[in-house]
Amino acid sequence: MIPLYYLLLLSAAIFAIGWVGLMIRRNILILLMSIELMLNAVNLTFVSFSRYSQSMDGQVIAFFVMTLAACEAAVGLAILITLFRYHKSVNSTDFNGMRG
Amino acid sequence: MSPLAFGILAALVILSSIAVILWRNPIGSALSLVFTLLALAVLYFLLDAPFVGILQILVYAGAVMVLFIFVIMLINLKEDELEKIHWDWKKAVIVVFALAFILTAGLVLLEIKDSHLFEPILNSEFGSSRFLAKALFTRYLLSFEMVSFIILAAIIGAILLARRGKGENP
């Protein structure tokens, strides 16, 4: 069995990659996918801690995170479709309708 | 889990997640994300969480990614509408910050690397769906019911948001 350290490091790396994607991209589809990456990094942390402390709580919380991520993707994509219908673009810099 | 299996899986996960954020076409990103999620599901199986792994494949790599790919096909971006990533100093700073985050996490976590607090004890029953269901339907029963309510709210919200209003062009 490998030490917990490497699993947490892998999780931190995935989280950082998701964050970089969130900051450098302008396509909203890819922003949503970066959020999914970050949520998966958190899930990996929960599952590894659950394994190494022999408690089911981590897996239950990972289950909840997964459900919420599915809800978030559904609502986020619905918002994306609505925005695309009005602006004919998926570029996040084109959506400035709420600027004063 | 052998170190070799973990190394291969970690390399696959990191490479495919970098492909997710750097691919120009969203469909390539979506397929790389499916690959990342499947590799993570294998990691969950190796971490004695088979139920979470199966849910990861069914819910994430199945349902959520089908939704993503469906929306990508619905939007159908042309070649000139795809974004090009221009690398300037701001983006370089962002990448440096991310590397600093990983480095800091590695240094902080060195504290627990050699501790015996997290020694895995083998229990053959651990991770079975019977254990998970017992925790889910006793201690987390209220949270479970709240989650079903959130799903209902998400369904109603998604339908209302994506619905075409009266007199709008398609």
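See the structure above.
Rules of the game
Residues numbered from 1 in each chain as written. Chains lettered and ligands numbered in written order. Predicted model: local features only at pLDDT ≥ 70, side-chain atom pairs only at ≥ 80, totals over all residues. Heavy atoms only, no water. Helix = DSSP H or I, 4+ residues; strand = E, 2+ residues; numbered from the N terminus. Rg over C-alpha atoms; globule rule 2.2 N^0.38 Å. Buried < 20%, exposed > 50% of the residue type's maximum accessible area, 1.4 Å probe, protein only. Contact = heavy atoms within 4.5 Å. Areas by Shrake-Rupley, 256 points an atom, 1.4 Å probe, with all protein chains shown as cover. Lys, Arg positive; Asp, Glu negative; His and termini not counted. Charge placed at Lys NZ, Arg CZ, Asp CG, Glu CD. Buried area = accessible area lost by both parts, 1.4 Å probe. Salt bridge = Lys/Arg side-chain N within 4 Å of Asp/Glu carboxyl O. Polar contact = N/O pair within 3.5 Å; in protein donor to acceptor, adjacent residues only side chain to side chain. Nonpolar A, V, L, I, M, F, W, Y, C, P; charged D, E, K, R; others polar. 1 Å grid on protein atoms, 1.4 Å probe; cavity = no way out; pocket = protein on both sides within 12 Å on 5 of 7 lines; lining within 4 Å. Points joined across faces, edges and corners; volume = space filled by probe spheres on them. Axes fitted to C-alpha atoms, helices over the stretch in contact; angles between N-to-C directions. Parallel < 35°, antiparallel > 145°, perpendicular 65-115°, else oblique. Expected span 1.5 Å × (residues − 1). Core = buried A, V, L, I, M, F, W, Y, C linked by side-chain atoms within 4.5 Å.

### With respect to the overall build of chain B
Turning to step 1, where the next piece is worked out: Counting secondary structure elements, chain B contains six helices and zero strands.
Turning to step 2, where the next piece is worked out: Taken over the C-alpha trace, chain B has a radius of gyration of 21 Å; the compact-globule value for 170 residues is 15 Å, which it surpasses by more than 25%.
Turning to step 3, where the next piece is worked out: By its C-alpha atoms, chain B is 65 × 45 × 25 Å across when sized along the principal axes.
Turning to step 4, where the next piece is worked out: Counting all 170 residues of chain B, 34% fall into the buried class.
Turning to step 5, where the next piece is worked out: Put simply, of all contacts in chain B between residues at least 6 apart along the chain, 51% involve residues at least 24 apart.
Turning to step 6, where the next piece is worked out: Looking at chain B as shown, the accessible area adds up to about 10,700 Å², and 73% of this sits on carbon and sulfur atoms.
Turning to step 7, where the next piece is worked out: Separation between the mean location of the 12 positive side-chain charges and that of the 12 negative ones in chain B comes to 9 Å.

### Digging into the interface of chain A and chain B
Turning to step 1, where the next piece is worked out: Facing the 70 residues of chain A at the interface are 83 residues of chain B.
Turning to step 2, where the next piece is worked out: Overall, the association of chain A and chain B removes approximately 7,100 Å² of surface from exposure, summing both partners, and the carbon and sulfur fraction of that is 79%.
Turning to step 3, where the next piece is worked out: Seen at the junction of chain A and chain B, the total is two salt bridges.
Turning to step 4, where the next piece is worked out: In this structure, the salt-bridge partner of Arg51 of chain A is Asp48 of chain B, at a minimum N-O distance of 2.8 Å.
Turning to step 5, where the next piece is worked out: Where chain A meets chain B, there are twelve residue pairs in polar contact (both at pLDDT 80 or more).
Turning to step 6, where the next piece is worked out: Elements represented by at least two residues in the side of chain A that touches chain B include exactly helix H1 (4–24), helix H2 (28–52) and helix H3 (57–87) of chain A.
Turning to step 7, where the next piece is worked out: A per-element tally of the side of chain A that touches chain B places H3 of chain A first, with 24 residues.
Turning to step 8, where the next piece is worked out: Tallied by class, the residues present in the side of chain A that touches chain B amount to 50 nonpolar, 13 polar and seven charged.

### Quick notes on the layout of surface pockets
Turning to step 1, where the next piece is worked out: Empty space within the largest pocket amounts to approximately 340 Å³.
Turning to step 2, where the next piece is worked out: Forming the boundary of the largest pocket are 18 residues, of which Ala70 and Ala74 of chain A together with Leu67, Ala154 and Ala158 of chain B lie nearest the centre.
Turning to step 3, where the next piece is worked out: Here the residues of the lining of the largest pocket sort into 17 nonpolar, one polar and no charged.

### Considerations on the side chain of Ser32 of chain B
Turning to step 1, where the next piece is worked out: If you trace the backbone, Ser32 of chain B turns up in helix H2 (residues 26–46).
Turning to step 2, where the next piece is worked out: For Ser32 of chain B, the residues in contact, after removing those within four places along its chain, are Ser16, Ala19, Val20 and Trp23 of chain B.

### A look at the packing of H3 of chain A against helix H5 (residues 129–137) of chain B
Turning to step 1, where the next piece is worked out: For the pair H3 of chain A and H5 of chain B, the least separation of the axes is 9 Å and the interaxial angle reads 75°. When the interaxial angle is binned, H3 of chain A and H5 of chain B end up roughly perpendicular. Seen from H3 of chain A, the contacting residues are Gln59, Val60, Phe63 and Phe64 of chain A; seen from H5 of chain B, they are Leu132, Ala135 and Leu136 of chain B.

### Observations concerning H1 of chain A
Think of an α-helix as 3.6 residues a turn; residues three or four steps apart then line up on the same face.
Turning to step 1, where the next piece is worked out: With 21 residues, H1 of chain A extends 31 Å from end C-alpha to end C-alpha; this agrees with the ideal 30 Å at 1.5 Å per step.
Turning to step 2, where the next piece is worked out: Among the 21 residues of H1 of chain A, 15 are classified as buried, and the element is accordingly described as predominantly covered.

### Points about H2 of chain A
Residue and element names in this part refer to chain A.
Turning to step 1, where the next piece is worked out: With 25 residues, H2 should reach 36 Å at 1.5 Å per residue; the first-to-last C-alpha distance of 37 Å fits that figure.
Turning to step 2, where the next piece is worked out: Burial analysis of H2 places 19 of its 25 residues in the buried class, which makes it a mostly covered element.
Turning to step 3, where the next piece is worked out: The opening residue of H2 is Asn27, an N-cap whose side-chain oxygen sits 3.1 Å from the backbone nitrogen of Leu29.

### With respect to the nonpolar core
Turning to step 1, where the next piece is worked out: If you look at the biggest cluster of nonpolar residues, it comprises 73 residues, and the most contacted ones within it are Ile14, Leu44 and Leu80 of chain A together with Phe6, Leu43 and Phe68 of chain B.
Turning to step 2, where the next piece is worked out: Elements that contribute at least two residues to this core include exactly H1, H2 and H3 of chain A together with helix H1 (3–22), H2, helix H3 (50–75), helix H4 (89–113) and H5 of chain B.
Turning to step 3, where the next piece is worked out: No other element matches H3 of chain A, which puts eleven residues into this core.
Turning to step 4, where the next piece is worked out: When neighbours within four sequence positions are excluded, Ile14 of chain A is seen to be in contact with Leu37, Ala41 and Leu44 of chain A together with Val13 and Leu40 of chain B.

### Digging into the packing of H1 of chain A against H1 of chain B
Turning to step 1, where the next piece is worked out: Between H1 of chain A and H1 of chain B, the shortest axis-to-axis distance is 9 Å and the interhelical angle comes to 5°. Judged on the interaxial angle alone, H1 of chain B and H1 of chain A are roughly parallel. Of H1 of chain B, the residues touching H1 of chain A (which contributes Tyr6, Leu7, Leu10, Ala13, Ile14, Ile17, Val20, Gly21 and Ile24 of chain A) are Phe6, Ala10, Val13, Ile14, Ser17, Ile18, Ile21 and Leu22 of chain B.
Turning to step 2, where the next piece is worked out: Counted by class, the contact of H1 of chain A with H1 of chain B contains 15 nonpolar, two polar and no charged residues.

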